[in-house]
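Structural characterization, general
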Amino acid sequence: MAVKNIGILTGGGDCPGLNAVIRAVVRRAERDDIEVLGIRNGFLGLIEGDVEPLTTFSVIGILPKGGTILGTSRVNPVRSSQDKDRVLSNMHRFGLDALIVVGGDGTLKAAYDLHASAGVPLIGVPKTIDNDLRGTDYTFGFDTAVNVVRDAVDRLHSTAESHHRVMVVEVMGNTVGWIAMAGGIAGGADLILIPEKPYRLEEMCAVLDSRRRRGRTFSVVVVAEGAAPAGEPPPADVGRGTSTGVGYRIAAEIGRRLGVETRVTVLGHIQRGGSPTAFDRILATRLGVRAVEFCMRGMFGQMVALQGTKLVPVPLELATAGPKSVDLEQFAEAEVFFG
Ligand code: F6P
């Protein structure tokens, strides 16, 4: 059956590049006379029937804009059978032949459940600054977040050096440390702490102390919000968008053990806002184009994934089967620069 009417929604935490996907979907669909219906606020819009037709006119000028013109939410459409029924009846009411779901692990898991349990014809597009979806080398939003961290680390270096301080930067990454690792490498951090590798305070302080003995009177430490000491569970309030306190805890210990002045910067949602980098704009654009083509070919239940330079289908079930953790072999490359 030819696809004539596609719905698109963005769910979960926003990230730079969502508007680039929406624009690409509308522009690619237009070439085959396919209509696009924008669904507001993630799956909530499909439950409530809150939609708006998207035309080329609606997407003019949105490529460089952060956030999502459609709005977002973390509502799970399969949380109750009533909501699921409303989703199905609205798909029918709006005449949707296919649905493009742009989301991270939570949203795409819900999409998979909807597809597997009710046969909803949908395609997933991976987004998240965390870069933690399986089956894809990168998610858009990640590169922009890494550049925010890199910029912060650059700026903190000059003030750290002037005051001979240890500057601790807490970044996002509740279960994975991709942002911390990449931002830390790019900014030349002296120590990086990630959830995948529990830290030991003595070892951490020994690294910073050896640096000081070599005459380097300052350090910059990048810590992911979900990092935890060996033998302890991850911070309880992780992933709620407020500081988990890990940066403050570490800074206090460093100050106490090494007798140095410390300061803490929590980057928070600054990492998610603003205009996407060129890399994220290009990736998001390619994903949007290909998502429409996957719909036209009836490749439902798949996510469009980047592997190397190619876009390939990956089953949503596989993409959402747990987070993609930092490869510790790769992290060892970052460790060369510690201290
Ligand atoms: O998953 C993306 C993410 O930005 C995480 O890195 C972070 O822990 C969480 O979302 C914050 O969520 P919220 O926007 O609800 O505060």
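Just above, that's the structure.
For the structure given in this document, a descriptive report is provided here. (Residues numbered from 1 in each chain as written. Predicted model: local features only at pLDDT ≥ 70, side-chain atom pairs only at ≥ 80, totals over all residues. Heavy atoms only, no water.)

1. Some thoughts on the nonpolar core
Formed by 81 residues in total, the largest nonpolar core has its most connected members in Ile8, Ile100, Phe140, Ile250 and Ile254. With 8 residues, helix H5 (residues 142–163) is the single largest residue contributor to this core. Domain assignment of the residues forming this core places at least three in each of domain 1 (5–140 + 276–319) and domain 2 (145–273). When residues no more than four places from it in sequence are discounted, the contact partners of isoleucine 254 are Val166, Val168, Met204, Cys205, Leu208, Val221, Gly259, Val260 and Thr262. Among the nonpolar cores identified, the runner-up in size contains 27 residues, and Leu46, Met91, Leu108 and Leu122 belong to it. (Core = buried A, V, L, I, M, F, W, Y, C linked by side-chain atoms within 4.5 Å. Buried < 20%, exposed > 50% of the residue type's maximum accessible area, 1.4 Å probe, protein only. Helix = DSSP H or I, 4+ residues; strand = E, 2+ residues; numbered from the N terminus. Domains from an automatic or database assignment. Contact = heavy atoms within 4.5 Å.)

2. As for the pairing of strand E6 (residues 166–171)
Burial analysis of E6 places 6 of its 6 residues in the buried class, which makes it a mostly covered element. The side-chain alternation of E6 yields two buried faces, one formed by Val166, Val168 and Glu170 and the other by Met167, Val169 and Val171. Where E6 meets strand E8 (residues 219–224), 6 bridges bridge the pair, whose relative direction is parallel. Within E8, the position partnered with valine 169 by the bridge is valine 222. Here 5 bridges tie E6 to strand E9 (residues 262–266), and the two strands are oriented parallel to one another. Paired with valine 168 across the two strands is valine 264, which belongs to E9. (Pairing = 2+ DSSP bridges.)

3. Digging into the packing of aromatic side chains
Inspection of every chain in the model, using the stated rule, returns 3 aromatic pairs. Ring centres 6.0 Å apart and planes at 25° place the aromatic pair tyrosine 138 and phenylalanine 142 in the stacked group. Pairing tyrosine 138 with phenylalanine 279 gives two aromatic rings, centres 5.6 Å apart and planes at 80°, and the pair type is edge-to-face. On the criterion of sequence distance, the pair formed by tyrosine 138 in the loop between strand E5 (122–126) and H5 and phenylalanine 279 in helix H9 (residues 278–296) is long-range, its members being 141 residues apart. Overall, tyrosine 138 belongs to the partly exposed group, its relative accessible area being 37%. In this structure an aromatic cluster arises from ring pairing among Tyr138, Phe142 and Phe279. If you follow arginine 211 out to its NZ or CZ, it ends over the ring of phenylalanine 218, 4.9 Å from the centre. Taking the ring centre of tryptophan 178 as reference, the NZ or CZ of lysine 324 above it sits at 5.3 Å. (Phe/Tyr/Trp six-rings, centres within 6.5 Å; stacked < 30°, edge-to-face > 60°. Lys NZ or Arg CZ within 6 Å of the ring centre and 35° of its normal.)

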